[in-house]
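This is what each chain is made of:
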Amino acid sequence: MSKISINTKEIPFQDRYKLLIGSIIPRPIGFVSTISENGVYNLAPFSFFNGICSNPMTVLFCPVIRSSDGQEKDTLKNIKNNKEFVVNIVSEEIASQMNQCSAEYPPDVDEFKQSGLTPEKSTMVKPPLIKEAKISMECKLHQLVQVGDGGLGSATVVIGEVIYFHANEEVYKDGKIISSKLKPIGRMGGAEYCKTTDVFSLPRPTL
Ligand SMILES: Cc1cc2nc3c(=O)[nH]c(=O)nc-3n(C[C@H](O)[C@H](O)[C@H](O)COP(=O)(O)O)c2cc1C
């Protein structure tokens, strides 16, 4: 089979984006709640999201520059302002509410109200948990890393330490998370998502 090989410097960033989101699949989704300097709650999903390490317990996600106006997204502005956020995990049950929160609402609009999700008080940080999420992680900002020149197509990596972890009893047993109960969804390219119910095991080989 012959390969298509592309020098990424020779194609526009929009085309590079399509290659990234079509190739790195499925992506987990961090559903991030923040609070603005005026006290307005904000909710937005990010699929450039992952864990980094456990000592300290650390996660990252990447807000890109907003393509409509070249500005930073509200989530990033809020985190720059108060250095706190909550990452909630998206189960099948709240997929459509998550999608609702990806619309570009102005900063004074509370996406909890738009989506019908319920804010619940956090233990250590000001941004709220999502009551309907089966897992929520309270985070303190560790570091922001700008990648690119701050223009269209560039992003900031938000790295946060998880200082408090919340899980519904149904998904938690003996210190582990039961994925069949959590039912997280994954992001594919474009508007496609996947379920995580088609699972198989590969025991680690021993040498
Ligand atoms: C499933 C999903 C994943 C997304 N992942 C990202 C992402 O990784 N980075 C990003 O900048 N925007 C991503 N978006 C778009 C943001 O959610 C959207 O721009 C949102 O309006 C940002 O809100 P804010 O301005 O309140 O921060 C994603 C949208 C969806 C539906």
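Residues numbered from 1 in each chain as written. Predicted model: local features only at pLDDT ≥ 70, side-chain atom pairs only at ≥ 80, totals over all residues. Heavy atoms only, no water.

Peer 1: Requested: an account of the pattern of salt bridges, with residues and values cited.
Peer 2: Overall, the coordinates contain 9 salt bridges when judged by the stated rule. Ionic pairing is found between Glu93 and Lys183, a salt bridge with its closest N-O pair at 3.7 Å. In this pair, Glu93 sits in the loop between strand E5 (84-89) and helix H3 (95-100) while Lys183 sits in the loop between helix H5 (179-182) and strand E12 (186-187), placing the two residues 90 residues apart along the sequence. On the basis of relative accessibility, which here comes to 43%, the residue Glu93 falls in the partly exposed class. The network of salt bridges with common partners includes Arg66, Asp69 and Asp74. (Salt bridge = Lys/Arg side-chain N within 4 Å of Asp/Glu carboxyl O. Helix = DSSP H or I, 4+ residues; strand = E, 2+ residues; numbered from the N terminus. Buried < 20%, exposed > 50% of the residue type's maximum accessible area, 1.4 Å probe, protein only.)

Peer 1: Provide a residue-level description of the pairing of strand E3 (residues 49-54), including the pertinent values.
Peer 2: One ladder, built from 5 bridges, connects E3 with strand E4 (residues 57-61); its direction is antiparallel. Bridged to Phe49 within E4 is Phe61. In textbook terms, the turn of a hairpin is the stretch between consecutive antiparallel strands, and for E3 and E4 this stretch comprises 2 residues. (Pairing = 2+ DSSP bridges.)

Peer 1: Lay out the site of the ligand with the relevant residues and their values.
Peer 2: Taken together, 21 residues are adjacent to the ligand, and Pro45, Ser47, Val64, Lys73 and Thr75 come closest. Taking Asp74, its main chain carries an N or O atom lying 3.0 Å from an oxygen atom of the ligand. With respect to the ligand, the side chain of Thr75 contributes an N or O atom lying 2.5 Å from an oxygen atom. Here the ligand loses 92% of its free accessible area of 640 Å² to cover by the protein chains. (Near = heavy atom within 4 Å. Polar contact = N/O pair within 3.5 Å; in protein donor to acceptor, adjacent residues only side chain to side chain. Areas by Shrake-Rupley, 256 points an atom, 1.4 Å probe, with all protein chains shown as cover.)

Peer 1: So what about unusual backbone geometry? Which residues, and what values?
Peer 2: The omega torsion across Ile25 and Pro26 is -10°, close enough to zero to call that bond cis. The topology assignment puts Pro26 in the loop between helix H1 (13-23) and strand E1 (30-35). Across the junction of Asn55 and Pro56, the peptide omega takes the value 5°, indicating a cis bond. If you trace the backbone, Pro56 turns up in the loop between E3 and E4.

Peer 1: Give a detailed account of the sheet that holds E1, specifying residues and quantitative values.
Peer 2: The 7 strands are arranged E2-E1-E5-E8-E9-E4-E3 in an open sheet whose pairing can be described as antiparallel. The strands lining the two open edges of the sheet, one partner per strand, are strand E2 (41-46) and E3. Mean inter-strand twist for the sheet, computed between neighbouring axes without regard to direction, equals 35°. Pairing analysis gives 4 bridges linking E1 to E5, with the strands arranged antiparallel. Within E5, the residue paired with Phe31 across the bridge is Asn88. Where helix H2 (residues 74-82) meets the sheet, it contacts E1, E2, E4, E5, strand E8 (135-147) and strand E9 (155-167), and its direction lies at approximately 55° from that of E1. (Axes fitted to C-alpha atoms, helices over the stretch in contact; angles between N-to-C directions. Contact = heavy atoms within 4.5 Å.)

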